[in-house]
There are 2 protein chains.
Amino acid sequence: MADRSLVFPAQEYRDRIARLQTAMAAHGLEALLLTTPADVFYTTGFLTRFWASPARPWFLVVPQTGAPLAVIPSIGAALMGRTWLDDIRTWDAPDPRDDGISLLFDALCECVSAQGRIGLPMRLETHLRMPLEDYETLRAKLAPRQIVDATECVQRVREVKSDAEIAKIRDSCSIAGRAFARVPEFVSAGTPLDAIFRDFQITLLAEGADWVSYVAGGAGAYGYGDVISPAGATPVQRGDVLMLDTGAVKGGYFCDFDRNFAIGKATDTARYAHAALWQATEDTLCALRPGMRACDAHRMLSDALHKQGVAPAGGRLGHGLGLTLTEWPSFTPLDETRLRAGMVLTLEPGCITGADRIMVHEENIVLREHGAELLSPRAPSDLPEIVT
Amino acid sequence: MADRSLVFPAQEYRDRIARLQTAMAAHGLEALLLTTPADVFYTTGFLTRFWASPARPWFLVVPQTGAPLAVIPSIGAALMGRTWLDDIRTWDAPDPRDDGISLLFDALCECVSAQGRIGLPMRLETHLRMPLEDYETLRAKLAPRQIVDATECVQRVREVKSDAEIAKIRDSCSIAGRAFARVPEFVSAGTPLDAIFRDFQITLLAEGADWVSYVAGGAGAYGYGDVISPAGATPVQRGDVLMLDTGAVKGGYFCDFDRNFAIGKATDTARYAHAALWQATEDTLCALRPGMRACDAHRMLSDALHKQGVAPAGGRLGHGLGLTLTEWPSFTPLDETRLRAGMVLTLEPGCITGADRIMVHEENIVLREHGAELLSPRAPSDLPEIVT
């Protein structure tokens, strides 16, 4: 077979499928059913922004041995035909009579014995991207075959990135790093926040992003109120601290890190908080090792913030990333996921800077046997000031 | 209560909830459970790009009377607090012990009697954005309360747009129209397709898009192979027809239309196909009326293409849009959805131009009592040529 694969050579996908199949065998699964953009991209190289249309479900079946079967809307046949897959079955979606369910049923029956188990990710940080009623119909038809949870099976494989994947994430981080370096070109006192968001996206594209799936941020003299809001027209003012955060995408892989800037001279509060966040990140960068758990990373970041004399903000203080803006694990006190070499992670300490005010700081790393290796260009330790 | 709502005044959301509650009563539903970005935005005004993170579920409960209850991760509390909602319940997600399910259970129990029915969209063009196992736990806990399908209930309400919504979609269409007009500024023979996609996104942002959720396209002398692929580095050549398609977003609302351009002098095939697609659109623009069904629109477009001497491409020939890139109904032979005044729709005829080659053409309209009103600036009838 000619190498027709997208994004990576076919061998990359064959290796992924082999790792999934090893995990499937360990979990007693005869097939995996995958439905989300990230899982379909991971197994096939099928990369498209057409997922923005919620009209159609897409199905990928990973059997115990051999290559996956794609059961997809015919509008995707040409693109899927350029991946490494040979077995591509299509229907004209959306079809109110049968939106791919009979085709999917047949594909699963070919791979799974009458008493066999089919794995589907069903737990934390997953969802099923197909109509629920169709899923229930499918499950009933498949009986006595069982559909069982496969979250562990998929997450333990996907969370360790290959060198090829790490190179892609490093590319995305470099693009965002260059765009952050250009922020002073389009921000000064009086620039409305929505204009800043727009120009930041333009700069990310100009620096090489294929597209920009995420931009957020905030501004205020003593931090910002939240970190997920779209921008309003309020201008940034002298003395504000401005935070910009982005998930820029290159070759299907995300970065996810933020940067802070003072507009003019920074307030003491903002300067102090930035230094504390930077140092807490530095301490954790030095100490993080494979074998620690996600909750250990949370504790290290949290302890380091306390040591710097600031109060940690609520919520997680880091997470996985790669094929989506955020992936498991989560740096919370509750997540006991073991950290392993090859995981790509964010260190994302946040601290409270006032009533309903926080500041956050974020870097992207890959965990190596010897410790953390930065993928994002390290932020300056002193809060940069935009002279205005 | 002060008017704190985002995007629209609070009355817009109150009107939407009243329409949903009327539909709920007709379907015997004591509550609606909504989980997708579009449904949450529709009912609350909660607009964020943070949905790009699949880590956390978000829940919105619409009771029989009164305002909705939001059951959401605490990271969204500040933003949801600026909407018109007062009842906002939060937890620190992701929580592997209980990711909001107990809170959601309590909220549903407050709204729904012991034998009551809870509606959830489960059919064509829907999905449930939460972990499946959590849903199954919730359903079991709620018994003998039942969770039943509410696709009709939600879709019949959402598909008729208010004047405020139509104005937003018109804004998005205007932005894309201005960006399409500037395509000759950054395209000539020899420009790589990926550079074109990048510059098109930059231009959409420069013309006022808040963000660009979708860009696709293709190029070739006699049409393109598919319409959902990301761009490669292949340069467009003299004699190619280039198609660009976009879902640009302004104030949370999408446009979705495309434009074709010849690079230099168009081939006769491309010129003829473009004229046929344009005329089929024109015929349908003139004839479409409320009361017709989605399948009638398909037939009209299909008949008009045959009359022009070209063969319709497979797949749907138009669809709804607004809060997402595509919404129901679908212009296929199978969709019997009744078209109503206030629906925003694409007319999207495609035709076959060669072996594995097609061309497509798309306009956005709002259906009025008297017929179609264009929201996208009408494409020129003759395929425009980019002098190069």
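First, a word on scope: everything that follows refers to the structure included in this document. Everything quoted here is computed from the prediction, not taken from an experiment.

Rules used in this analysis
- Chains are numbered independently. Their residues run from 1 in the order of the written sequence.
- Chain letters start at A and ligand numbers start at 1, both assigned in the order the entries are written.
- For this predicted model, a pLDDT threshold of at least 70 governs which residues receive local features, and a threshold of 80 or more governs which side-chain atom pairs are given and counted, while totals over whole chains, interfaces and linings are taken from all residues.
- Each side-chain value is derived from all of the structure's non-hydrogen atoms; neither hydrogens nor water enter the calculation.
- A least-squares superposition brings the copies together, and it is based on the C-alpha atoms of residues with pLDDT no lower than 70 in both.
- Here, residues are in contact when the closest pair of their heavy atoms is within 4.5 Å.
- Put simply, buried area is the surface a 1.4 Å probe can reach on two separate parts but cannot reach once they are joined, added for both.
- Think of a salt bridge as a Lys or Arg side-chain nitrogen and an Asp or Glu carboxyl oxygen that are within 4 Å of each other.
- The criterion for strand pairing is that DSSP finds at least two bridges linking the strands in question.
- What counts as a helix is a DSSP run of H or I of at least four residues, what counts as a strand is a run of E of at least two, and both are numbered from the N terminus.
- Interaxial angles span 0 to 180 degrees and are taken between N-to-C directions of axes, which are lines fitted to C-alpha atoms, for helices over the stretch in contact.
- In this scheme Phe, Tyr and Trp rings, the latter by its six-membered ring, pair at centre separations within 6.5 Å, and the angle between planes marks the pair as stacked below 30 degrees, edge-to-face above 60, and tilted otherwise.
- Burial classes follow relative accessibility: with a 1.4 Å probe on protein chains only, a residue under 20% of its type's maximum area counts as buried, one over 50% as exposed, and anything between as partly exposed.
- Definition used: whenever NZ (Lys) or CZ (Arg) falls within 6 Å of the ring centre and also within 35 degrees of the ring normal, the charge is taken to sit over that ring.

The next subject is the relation of the copies chain B and chain A. Note on the copies: chain B fits chain A at an RMSD of 0.0 Å, the axial shift is 0.0 Å, and the rotation between them is 180°. The relationship between the two copies is best expressed as a two-fold rotation axis. In terms of C-alpha distance to the rotation axis, chain B has Ile202(B) as its closest residue, with the C-alpha 2.6 Å off the axis. Counting the interface residues of chain B, we find that 100% of their copies in chain A are interface residues as well, pointing to one common contact surface.

The interface of chain B with chain A comprises 68 residues on the first partner and 68 residues on the second. For the pair chain B and chain A, the summed buried surface comes to about 5600 Å²; carbon and sulfur atoms form 60% of the total. Per-residue buried area on chain B facing chain A is highest for Arg49(B), Leu132(B) and Ile228(B); these three make up 12% of the total on that side. The tally of links between chain B and chain A comes to six salt bridges. A salt bridge links Glu133(A) to Arg123(B); the nearest nitrogen and oxygen atoms lie 2.6 Å apart.

Residues and elements named next belong to chain B. The mixed open sheet is built from six strands, whose spatial order is β4-β3-β2-β1-β5-β6. The open sheet is flanked by β4 (88-91) and β6 (146-149), the only strands paired with a single partner. Across the sheet, the mean angle separating the axes of adjacent strands is 25° when strand polarity is ignored. Helix α2 (residues 37-44) contacts β1 (31-34) and β2 (59-63) of the sheet and is inclined by roughly 50° relative to β2.

Moving on, we come to the packing of aromatic side chains. By the definition in use, this model includes 18 aromatic pairs over all chains. Look at Phe180(B) and Phe200(B): their rings are 5.0 Å apart centre to centre, the planes differ by 35°, and that puts the pair in the tilted class. One end of the pair, Phe180(B), is in helix α7 (residues 163-181); the other, Phe200(B), is in helix α9 (residues 193-206), with 20 residues separating them in the sequence. Comparing Phe180(B) with Phe200(B) shows no difference in burial state: the two are buried. Taken together, Phe8(A), Tyr13(A), Phe41(A) and Tyr253(A) form an aromatic cluster joined through their ring pairs. Positioned over the ring face of Phe105(A) is Lys141(A), at 4.4 Å from the centre of the ring. Here the basic side chain of Arg158(A) rests over the ring of Tyr42(A), its NZ or CZ set 6.0 Å away from the ring centre.

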